[in-house]
Each structure stands twice: as structure tokens, then as C-alpha cells.
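Chain residues, written in single-letter form:
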Number of protein chains: 2
Amino acid sequence: MTTRGVSLLAYADRFGGGMTGLRDLLDGPLAEFAGVHILPFFVPFDGADAGFDPIDHATVDPRLGDWDDVRAIAARREVTADLIVNHVSASSGEFRDWLADGEASEHHGMFLTFDTVFPNGGTEREITAFYRPRPGLPFTSYQSPDGTRRLVWTTFMPSQVDLDVAHPAAHAYLRRVLAALADGGVTTVRLDAVGYAVKTPGSDSFMTEHTLGFVREITAMVREYGMRVLVEVHAHYTQQQAIAPLVDLVYDFALPPLLLHSLGTGTIDRLIRWLEIRPRNAVTVLDTHDGIGVIDAGPSGDRPGLLSTEEMAAIFDRAAAATDGHSSIASVIPAWAPMPHQINATFFSVLEADAGSYLLARAVQFFVPGEPQVYYVGLLAGLDDVELFRRTGQGRDVNRHVYTRDEIDAALAGEVPRALLDLVRLRSAHPAFEGAFSVRAVSATELELAWTAGEHHAVLHADLAARTHRIDATPIPRVE
Amino acid sequence: MTTRGVSLLAYADRFGGGMTGLRDLLDGPLAEFAGVHILPFFVPFDGADAGFDPIDHATVDPRLGDWDDVRAIAARREVTADLIVNHVSASSGEFRDWLADGEASEHHGMFLTFDTVFPNGGTEREITAFYRPRPGLPFTSYQSPDGTRRLVWTTFMPSQVDLDVAHPAAHAYLRRVLAALADGGVTTVRLDAVGYAVKTPGSDSFMTEHTLGFVREITAMVREYGMRVLVEVHAHYTQQQAIAPLVDLVYDFALPPLLLHSLGTGTIDRLIRWLEIRPRNAVTVLDTHDGIGVIDAGPSGDRPGLLSTEEMAAIFDRAAAATDGHSSIASVIPAWAPMPHQINATFFSVLEADAGSYLLARAVQFFVPGEPQVYYVGLLAGLDDVELFRRTGQGRDVNRHVYTRDEIDAALAGEVPRALLDLVRLRSAHPAFEGAFSVRAVSATELELAWTAGEHHAVLHADLAARTHRIDATPIPRVE
């Protein structure tokens with residue numbers, strides 16, 4: 001296993017039809033991938049938030065397989081799995097038990113209630129201060145069988161009840177899950193939605209100093225189980241910079257919007273600036289199951305962004321034009337926010353299915369320091385599944401097509417996926433990527449990203465205006 | 001004008017295509033109707049809550065006509081109009097002005113905020129205590145142009161912001177609306193959703209003693225403008241009894257579920273009991289634009305209902321069976337409630353389009369003391385508009401078909417509407433209905449409702465098991 005490899009991001013159910021099918025792909029046509037992040041495969045994998053609302057976070061959904069199947073995948077590559085740290089399903093045994101028995105429940109304290117945060121009552125100013133990724137208030141009322149009503153924090157959906165991450169009962173729950181993940185062969189734990197986990201009255205409670213304190217704490221806890229920590233935070237780039245030193249890995253969520261900006265305007269200055277200051281312990285992405293995260297490159301409150309509000313708006317406008325407007329319909333605008341969190345479209349769709357632009361973007365992604373990750377829809381150069389979106393009403397489903405194995409094999413034979421797999425091979429096998437990295441502006445529109453290790457080098461020349469690129473590399477030494 | 005007449009309940013847009021079309025119907029084929037309740041025709045008549053979310057409550061939507069058109073209708077019959085007393089649209093000038101200018105706005109105080117009700121902060125118990133006709137919490141956050149956030153009460157939809165009915169600014173608003181209604185020829189004001197208008201911390205705030213106090217106050221205010229007050233409250237029958245003496249008219253919302261119960265079980269005991277204790281200053285209905293209100297006959301908390309929970313459930317089950325299950329899908333269950341507020345279906349659909357049952361139910365309605373009202377869909381023996389419901393996703397639209405004039409004329413030629421118009425004529429013209437009323441159980445399944453005035457009498461014999469009825473009446477004296 002090497003950190004210079006490329007990893008795949010996939011749902012077991014939507015890409016291979018289950019753990020066995022996913023392993024067949026990774027042991028077959030996708031053998032070049034050094035790792036895989038399997039999106040939530042717990043019980044149930046197909047809840048209201050596609051697995052991010054676990055009822056039993058410590059068990060593999062039997063419709064997908066079992067822990068032995070996960071271990072079989074992990075035997076030959078790194079496996080990343082999610083730790084859903086902010087909430088659990090309201091249908092979980094823990095929540096139902098607490099709702100029924102209250103203080104007598106062994107899970108009493110595990111869930112965050114309104115009174116936990118506001119023991120003396122909340123005011124208008126305090127209640128509206130919270131940052132939330134969706135419109136509306138972050139509370140939902142639940143009633144116990146005896147009629148007692150509780151007002152529980154629900155940062156995301158009403159069926160996703162927040163944990164009180166400061167409470168020992170929640171720690172005990174998270175440790176049970178971590179033990180199961182480690183035992184199942186998971187090597188990296190992705191902390192989902194950690195930016196929202198700590199609620200501090202009087203603040204917006206998103207990525208505060210208290211959140212950073214909790215990230216330190218949970219990182220120590222994950223490392224006790226011998227796993228790495230990858231933190232998912234969509235936020236202003238300075239917050240990404242603040243969190244990067246505390247953990248093993250962050251995401252470079254600013255890269256996709258910067259690439260969309262560069263490809264849309266034919267300029268490279270914003271991209272180059274980011275390459276100079278970005279954290280290097282980053283997983284690089286163009287697309288994920290959450291669509292194309294873009295908010296990270298924009299301004300936040302008084303803090304200027306890597307892109308201006310107008311430049312961000314232009315990205316949304318181009319995406320809407322490329323998708324006949326449906327990316328505007330599918331994307332949700334968070335509470336108080338001037339623009340959507342993400343573009344709900346595939347990266348290939350947003351680039352109007354232009355192979356040259358798409359492979360240029362992937363080449364830049366792969367040449368940027370960090371650990372490149374490719375989403376399964378992006379690997380197959382998938383276009384928006386508007387039909388699935390219409391059927392479910394879930395905007396993100398445009399970018400979550402359910403592939404049969406036949407569809408996968410057919411797609412992998414296409415020109416773009418074959419070129420992409422060549423890039424994966426280069427990035428995984430070329431020794432230059434273990435060496436030194438440099439970046440250079442060749443002109444106002446041309447960029448050069450170079451890796452050098454001894455006599456080996458790999459150099460990417462990219463022209464963002466012409467939307468062309470070229471890679472010059474020494475031959476990959478044959479493995480004896 | 002006579003209180004012994006029958007009135008029509010209709011939307012100007014869905015029944016006649018506007019004020020002129022509605023007047024043509026009332027001056028033509030529907031001339032027997034002594035009055036009309038025109039559902040909200042203000043600006044706009046077609047908002048998210050079909051007119052019950054006014055932006056300008058004092059102006060006739062110009063797409064329907066103007067106040068002269070309303071006056072023309074009022075010249076020949078009683079006109080009832082809604083005073084939407086609980087809320088206004090968040091798009092109203094008043095709300096936007098206050099949101100922008102805060103304390104400097106002339107409308108400051110008109111709207112109910114979280115802090116108005118909880119000046120020292122609200123707790124979990126207090127916040128979850130409120131009764132609400134819909135799931136979720138009754139607050140919505142709004143942001144002013146300068147970024148100030150307000151948490152405003154929204155008992156119904158997020159776009160319907162509640163008035164602080166204790167505040168002079170809200171009184172001033174209500175008086176402006178009342179003046180416009182009175183000037184427009186309106187003779188009766190229907191107080192919409194008044195049961196929710198007063199919020200009292202620590203209580204469920206639905207129809208409390210404070211609400212009754214407000215009803216007294218608003219009734220006095222309406223009467224100052226020379227209009228009658230009809231109060232709309234869906235609640236336990238004892239609450240209807242409590243409010244009836246305070247106002248001119250209430251609704252008999254218990255009658256429809258009792259009739260459905262009697263027709264479903266072939267029994268008359270529950271119906272007879274209600275006829276003995278019900279308030280007589282009531283508008284009688286079988287159906288309204290809100291579907292078939294049924295909750296009024298059921299138990300509430302510890303108070304037994306006119307029907308038991310099981311009997312209520314059986315009504316819902318029969319309705320679901322009669323509508324292929326869609327009445328279950330279309331009906332919304334309020335927060336904390338064990339069953340829906342209303343059945344979203346037409347009365348004719350729920351009776352499986354059986355003309356005998358339907359005309360029996362109408363005959364009972366017309367013979368019960370009070371002022372009978374017929375909803376336009378019920379007049380035309382309309383069936384559920386499932387297509388409209390599917391298109392809008394609004395459950396109540398199954399019972400809100402949009403009729404063209406040709407459709408109306410065709411429907412009125414049908415057997416059931418013709419028989420119903422005969423009943424309207426009898427109820428309007430027969431002198432017995434100005435006399436004495438009596439009710440008698442002829443058998444366990446047969447009922448007799450009789451009116452006598454001097455030598456005139458009109459007697460309804462109804463068999464709820466056989467679903468047949470017969471009317472014996474002296475001839476209607478010819479008007480010279």
C-alpha cells in the first residue's frame with residue numbers, strides 16, 4: 001500500500017451490486033486503485049439519507065454482505081469507511097430506548113436535546129444563530145410512548161437525531177462503532193459532518209474553537225483503534241487550513257470550483273494561488289456522492305474567498321447552462337446562505353461531456369499533492385441521472401446512478417474511462433510522485449505541474465484557455 | 001334576505017371563473033341560494049394556501065374583479081367573506097416593511113415573534129406544548145436585509161406569519177381589512193383559524209380562555225362595522241358549545257362525521273344525542289374547501305367525544321375504502337394527533353357516489369336547525385379530483401376542482417344536483433322552517449325531523465340502515 005496511489009469512492013449497492021461485486025471490480029478491471037472508500041454500508045444502506053442515517057452503525061447491511069466481505073476487500077487495499085459522528089437514525093435502538101425510558105435508559109445523555117444546549121431556555125437570537133446546511137430550524141419534536149415530548153436537535157433531516165458528543169454515553173456509542181470498523185479491516189475513518197457536531201449557544205456553532213477541540217479528541221480516539229482520520233468539512237478555506245494540522249487527512253474541496261473557474265474563464269491565477277497555500281495532507285476530489293462541493297472556494301461572512309461572490313455565481317450559471325437548468329433545481333441552498341452548498345450534477349455533465357476538459361481537470365487533480373480519489377460516476381464519465389432525481393425528488397441522486405455490472409463494463413470500454421485509468425496507473429506507479437513537486441505559470445492561461453525524484457520526472461502542461469493538456473514523463477520502471 | 005335560506009360556498013376562480021361568472025350563476029341557475037360565502041378573493045387568491053395567505057387582504061384580486069363586483073353580488077343576497085385573523089403572507093407589505101425597518105416600522109408589533117411569547121427564552125417543554133394543525137414546529141426564521149434574523153410564529157405554513165393579536169398594530173391592520181369588507185357589501189365575516197390566534201406559554205394555546213377573550217374582542221370589533229361574526233373552530237364539541245354564545249354563528253362540524261357514522265353503521269343514537277345538545281346558531285355543512293372536517297366528533301385528551309376513537313377510525317377506514325385509499329394519502333395528521341383533522345375527499349366520493357345516501361345526508365343537514373351551506377363541489381355531486389391533487393401535491397385539492405361554466409351547466413343537469421336544488425328550494429321557501437323543530441327516534445335505525453308553523457309542516461323520515469328518506473310537507477304557498 002502506498003499513499004501515492006489513487007482511491008475509488010463508491011456505494012457497494014450502486015456500483016457492483018454488493019460487497020462481492022465491488023470486490024470483483026477491484027480485483028479485476030479496477031486493480032490499479034490502491035484504496036476504496038465504501039460509502040455507508042451499515043444497517044440500512046438505503047435510508048432517507050442513503051446510509052448516513054444508520055439504525056445500526058456497527059453492522060454491515062446483510063443485503064450487501066458482511067464484515068468478512070469487507071475484510072476480503074481490505075486484504076488487498078486500503079479501505080475507508082464513514083464514522084457518522086453527528087447523528088443516528090431516530091429509528092435506532094438507542095434512540096427508541098431512550099425515548100421510551102428517559103433517564104432510566106442506558107443511552108440517556110447520548111442525544112442532544114434543546115434543554116441540553118439551553119438549560120434556561122433559548123431566545124430568538126440564540127436559536128437563529130446556528131448555521132445549518134438546510135433551510136429551517138435544527139430541532140424536531142418526538143413523543144415517548146407515555147406522551148412525554150422531547151425537542152431533539154436534528155441538524156440534517158428530522159429523522160437524523162444529533163448526538164451529544166460531549167457526553168460519555170455518546171462516546172461509548174462511537175467507540176462501539178470504531179471497534180467494529182477496525183475489526184472489519186477499515187484503515188481510514190472519514191468523519192462525516194464533524195463541523196456541525198458541537199453546539200455552542202451564542203455562536204453559529206459551525207467549526208468553532210470548540211469544534212476543533214472535539215476534532216482533536218475524536219482523532220485521538222480513532223487513532224487508538226489504529227486507524228487514520230479523514231475529516232469532512234465544507235467550509236471557508238481558512239477553516240480547512242486550521243483543521244488540517246490536527247488530523248491525518250482533510251479534503252481539498254476548493255480544487256473543483258477553482259478548476260471550474262479556470263476552465264470557464266481560461267485563467268490560472270486563482271488556482272495557482274491556492275496551490276501555494278493549500279494543505280498537502282489532502283484527499284483531492286472533483287466529485288463526490290454529495291455532488292460538486294463548491295462553497296469552499298467562496299467568501300464567508302467578512303472573509304474574502306479564493307473566488308469572489310460574482311465568480312462563484314458564474315460557476316453556478318455555467319453549470320446551469322450545461323445541465324439545461326436542472327443543476328439549479330437539484331441543489332439545496334442552506335439556511336441564511338446566498339448560494340448552494342454544492343452543484344448537484346456530475347462533473348462530466350458540468351463540463352458538457354467534453355472529454356478534453358474533463359481529462360485536463362483529472363490530470364490537474366492527480367498532479368496536485370495529496371491522495372487523489374475518483375467517484376465511481378466520475379470514473380465512468382457518467383452523465384446526470386435526471387430520471388432517478390425525478391423519481392426520488394432527491395437532488396443528489398442526479399449524481400448517484402445505480403450501475404449494473406454490464407453497464408460498468410460497457411462504460412469502462414469507453415475512451416474517457418480508459419484514458420482516466422491510464423492516469424490512475426501513472427499516478428500509482430510512477431516514482432516521480434514520491435519526489436518533489438513544483439508549480440509554474442507558463443503564461444496567463446498555461447500551467448505546469450512537475451514532479452521530480454532523482455532521474456524520474458512527470459510533468460503536466462495544461463492550457464486552461466485552450467482546454468488542452470500534455471504529460472511528459474520518464475518511463476515507468478518495470479517491476480521485477 | 002332570510003336566515004332560513006341556504007347559502008353556497010365557493011371560490012370565485014374555481015366556480016365561475018371570477019366575480020362576474022359567479023354572479024351570473026347566482027342570478028341564473030342558482031337563484032334559490034339566499035347567500036354566498038366567497039372564499040378568499042384577495043391579493044393573491046392563488047397563493048400557497050389558496051387565498052388564506054393574503055399579501056393585500058383589503059383588495060380584490062384584479063384577476064377576479066373588484067369591489068364593485070362584490071357589491072353587485074351583495075345587492076341581491078348575503079355575502080360572507082373571510083377575515084384571516086391569525087396570519088398574513090410573509091410577502092405582505094406590512095411584513096416586509098417591518099423586517100426591513102424593525103422598530104422604526106409603523107407595523108412594528110404587528111407580528112408575533114418567539115421573543116414576544118418567551119421574553120426570557122423558551123424551554124423544551126414550553127416549545128413542544130403548542131397544538132398545531134400540522135407536523136413540525138410553529139416557527140420560521142426570517143432575515144432582514146441588514147442580516148438581522150427574526151424567529152417568527154408560523155402556525156400554518158412558513159410563508160404565513162402570525163399576527164400578535166394583542167398588539168395595537170395588529171388591531172389597526174384588522175380594522176383596515178374590516179372597513180374594506182364592510183364597504184364591499186360583506187354582511188357576515190368568517191373568522192378563519194381563530195382557535196390558534198392567542199399563544200399562552202405553558203399551555204397548548206388552542207382555544208384557551210384567553211382565546212375566548214379574544215373572540216369576544218374581535219366579535220365586538222366586527223359588529224362595529226355592522227357585520228355578523230361566523231367563527232371557524234375545529235375542536236372538541238364542548239369547545240364549540242363554549243364559543244357559540246359569544247358570537248353570531250359557529251359551524252356544526254360534528255354533523256358530517258356523525259352522519260358518516262350513522263350511514264356506515266345504520267345507527268342513529270349518536271346523531272340524536274348531538275341534535276339534543278348542539279348549538280342552534282350554527283352553519284351546517286357536509287363538506288367545505290378543507291375537506292370533510294371530522295375531528296370535532298372525536299375525543300380530545302381525557303374528554304370523551306360524540307364518537308369513540310374506534311368509531312372515528314372506522315370512519316377513516318370506510319373513507320379510505322371508498323376512495324381506493326387516496327383519502328389516507330391526501331389527509332394530513334396534525335402534530336401529536338392520533339388521526340387526521342379532516343378527510344380529504346368529496347362527500348359524494350366518500351359515499352361511493354351513492355345518490356340515495358348522499359341526498360339523505362343533505363336532507364338531514366337541511367332539516368337540522370341552523371343555516372345550511374353547500375360547497376360548490378358538493379352541489380355538483382363532484383367526485384375527487386385525484387389528478388389535480390397529484391399535480392399540486394396539495395391533499396385538499398382533491399376536493400377543489402376547477403370548473404368551467406360548461407362543466408357546471410352539464411353537472412347541474414344531472415339527477416343529484418337537480419334533487420339537491422329542489423331541497424334548497426324547499427328549505428328556502430317553506431314557511432314551516434320558521435316554526436318549531438322536533439326530533440324523534442322512530443326505531444333504532446329510523447329518524448324523524450319535523451318542522452311545524454301553524455298549518456304548515458315539513459317532516460323528514462330517514463332510515464339510516466336502508467339509506468332511504470322521504471319528505472312529507474304541506475304545499476309551499478304561492479308568493480303573490
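Please refer to the structure placed before this passage.
Read on for a plain summary of the structure. Small disclaimer: the values here were computed from a predicted structure and weren't measured.

What to know about the pairing of strand 10 (residues 188-192) of chain A
All names here are of chain A. A large share of strand 10 lies buried, amounting to five of its five residues. What you see with strand 10 is no split at all: Thr188, Arg190 and Asp192 on one side and Val189 and Leu191 on the other are buried throughout. Across five bridges, strand 5 (residues 78-84) lies against strand 10 in parallel orientation. The residue bridging Thr80 from the neighbouring strand is Thr188, located in strand 10. Bridge count between strand 10 and strand 11 (residues 228-231): four bridges; the pairing is parallel. Across the sheet, Arg190 pairs through a bridge with Leu230, a residue of strand 11. In terms of handedness, the path from strand 10 via helix 7 (residues 209-224) over to strand 11 forms a crossover that is right-handed.

Details of the relation of the copies chain B and chain A
When chain B is brought onto chain A, the operation consists of a screw motion whose angular component is 179° and whose axial shift is 0.1 Å, with 0.1 Å RMSD remaining. A rotation of that kind, with that shift, is consistent with a two-fold axis. Among all C-alpha atoms of chain B, that of Gly121 of chain B lies closest to the rotation axis, at 2.2 Å. Both copies present the same face, since 100% of the interface residues in chain B are matched by interface residues at the equivalent positions in chain A.

Some remarks on the sheet that holds strand 16 (residues 371-375) of chain A
All names here are of chain A. Sheet architecture is closed into a barrel: eight strands sit in the order 1-2-5-10-11-12-13-16, paired in parallel fashion. On average, each strand axis in the sheet is tilted by 30° relative to the strand beside it, whichever way the strands run. In terms of strand pairing, strand 1 (residues 7-10) meets strand 16 through three bridges, oriented parallel. If you follow Leu8 over to strand 16, its bridge partner there is Val374. Helix 14 (residues 355-367) rests against strand 13 (282-284) and strand 16 of the sheet, and its axis sits at about 145° to strand 16.

Brief notes about the interface of chain B and chain A
Between chain B and chain A, the contact holds 21 residues from the first and 21 residues from the second. The junction of chain B with chain A conceals about 1900 Å² of combined surface from both sides, 57% of it contributed by carbon and sulfur atoms. It is Glu124, Arg149 and Trp336 of chain B in chain B that bury the most area against chain A; as a group they hold 41% of the surface buried on that side. The interface formed by chain B and chain A contains two salt bridges. One salt bridge connects Arg150 of chain A with Glu124 of chain B, and the closest N-O pair in it is separated by 2.7 Å. Along the contact surface separating chain B from chain A lie 13 residue pairs in polar contact (both at pLDDT 80 or more). Counting residues per element, the ones that place at least two in the side of chain B that touches chain A are helix 4 (114-117), helix 5 (124-127), strand 7 (139-143) and strand 8 (149-153) of chain B. In terms of residue count, strand 7 of chain B provides more of the side of chain B that touches chain A than any other element does, four residues in total.

Notes on the pattern of salt bridges
The full count for this structure, using the stated rule, is 62 salt bridges over all chains. One salt bridge connects Asp290 of chain B with Arg396 of chain B, and the closest N-O pair in it is separated by 2.9 Å. Separated by 106 residues along the polypeptide, Asp290 of chain B in the loop between strand 13 (282-284) and strand 14 (292-293) and Arg396 of chain B in the loop between helix 16 (386-392) and helix 17 (405-412) bring together distant segments of the chain. Assigned by exposure class, Asp290 of chain B and Arg396 of chain B land together as buried. Salt bridges here are not isolated pairs; linked through shared partners, they connect Asp49, Asp290, Arg396 and Arg400 of chain A.

Brief notes about the packing of helix 9 (residues 255-265) of chain A against helix 14 of chain A
Residue and element names in this part refer to chain A. The contact between helix 9 and helix 14 brings their axes to 11 Å, and the two run at 135°. In terms of their interaxial angle, helix 9 and helix 14 are classed as oblique. Pair helix 9 / helix 14 crosses with right-handed handedness. The residues of helix 14 that touch helix 9, namely those facing Leu255, Leu259 and Leu263, are Ser357, Leu360, Ala361, Val364 and Gln365. Across the contact of helix 9 with helix 14, the residue classes tally to six nonpolar, two polar and no charged.

Examining the packing of aromatic side chains
All names here are of chain A. In this structure the tally under the stated criterion is 50 aromatic pairs over all chains. Pairing Phe95 with Trp98 gives two aromatic rings, centres 5.8 Å apart and planes at 45°, and the pair type is tilted. Residue Phe95 and its partner Trp98 are located together in helix 3 (residues 93-101), separated by three residues, close to a single helical turn. You can call Phe95 buried: its relative accessible area is 1%.

Focus: helix 3 (residues 93-101) of chain B
Residue and element names in this part refer to chain B. Listed in full, the buried residues belonging to helix 3 are Glu94, Phe95, Trp98 and Leu99. What you see down the axis of helix 3 is that its buried residues fit within an arc of 125°, all on one side. Close packing links the buried residues of helix 3 with strand 6 (87-89), strand 7, strand 8, strand 9 (160-162) and helix 6 (168-183). Positioned one or two residues after helix 3, Gly102 has a phi angle of 55°, which is positive.

Points about the nonpolar core
Residue and element names in this part refer to chain A. In terms of nonpolar packing, the biggest core is built from 148 residues, with Leu8, Phe15 and Leu379 touching the most fellow members. In terms of residue count, the dominant contributor to this core is helix 14 (nine residues). Two domains each provide a minimum of three residues to this core, namely domain 1 (7-87 + 167-434) and domain 2 (93-162). For Leu8, the residues in contact, after removing those within four places along its chain, are Phe15, Leu22, Leu26, Leu30, Phe33, Gly35, Val36, His37, Gln373, Val374, Tyr376 and Leu379.

Describing unusual backbone geometry
The omega angle of the peptide bond from Val43 of chain A to Pro44 of chain A is -10°, so this bond is cis rather than trans. The residue Pro44 of chain A is located in the loop between strand 3 (42-43) and strand 4 (56-60) in this model. Here the phi dihedral of Arg467 of chain A falls at roughly 60°; this positive angle occurs in a residue that is not glycine. Mapping Arg467 of chain A onto the fold places it in the loop between strand 19 (456-463) and strand 20 (468-473). Of note, the phi angle at Glu352 of chain B is positive, near 55°, even though the residue is not glycine. For Glu352 of chain B, the location among the structural elements is in the loop between helix 13 (347-350) and helix 14 (355-367).

Calculation criteria
Residues numbered from 1 in each chain as written. Chains lettered and ligands numbered in written order. Predicted model: local features only at pLDDT ≥ 70, side-chain atom pairs only at ≥ 80, totals over all residues. Heavy atoms only, no water. Buried < 20%, exposed > 50% of the residue type's maximum accessible area, 1.4 Å probe, protein only. Helix = DSSP H or I, 4+ residues; strand = E, 2+ residues; numbered from the N terminus. Pairing = 2+ DSSP bridges. Right-handed = clockwise from strand over helix to strand, strands pointing away. Least-squares fit on C-alpha atoms with pLDDT ≥ 70 in both. Contact = heavy atoms within 4.5 Å. Axes fitted to C-alpha atoms, helices over the stretch in contact; angles between N-to-C directions. Buried area = accessible area lost by both parts, 1.4 Å probe. Salt bridge = Lys/Arg side-chain N within 4 Å of Asp/Glu carboxyl O. Polar contact = N/O pair within 3.5 Å; in protein donor to acceptor, adjacent residues only side chain to side chain. Parallel < 35°, antiparallel > 145°, perpendicular 65-115°, else oblique. Left-handed = near helix turned anticlockwise from the far one by under 90°. Nonpolar A, V, L, I, M, F, W, Y, C, P; charged D, E, K, R; others polar. Phe/Tyr/Trp six-rings, centres within 6.5 Å; stacked < 30°, edge-to-face > 60°. Arc of directions from axis to C-beta. Core = buried A, V, L, I, M, F, W, Y, C linked by side-chain atoms within 4.5 Å. Domains from an automatic or database assignment.

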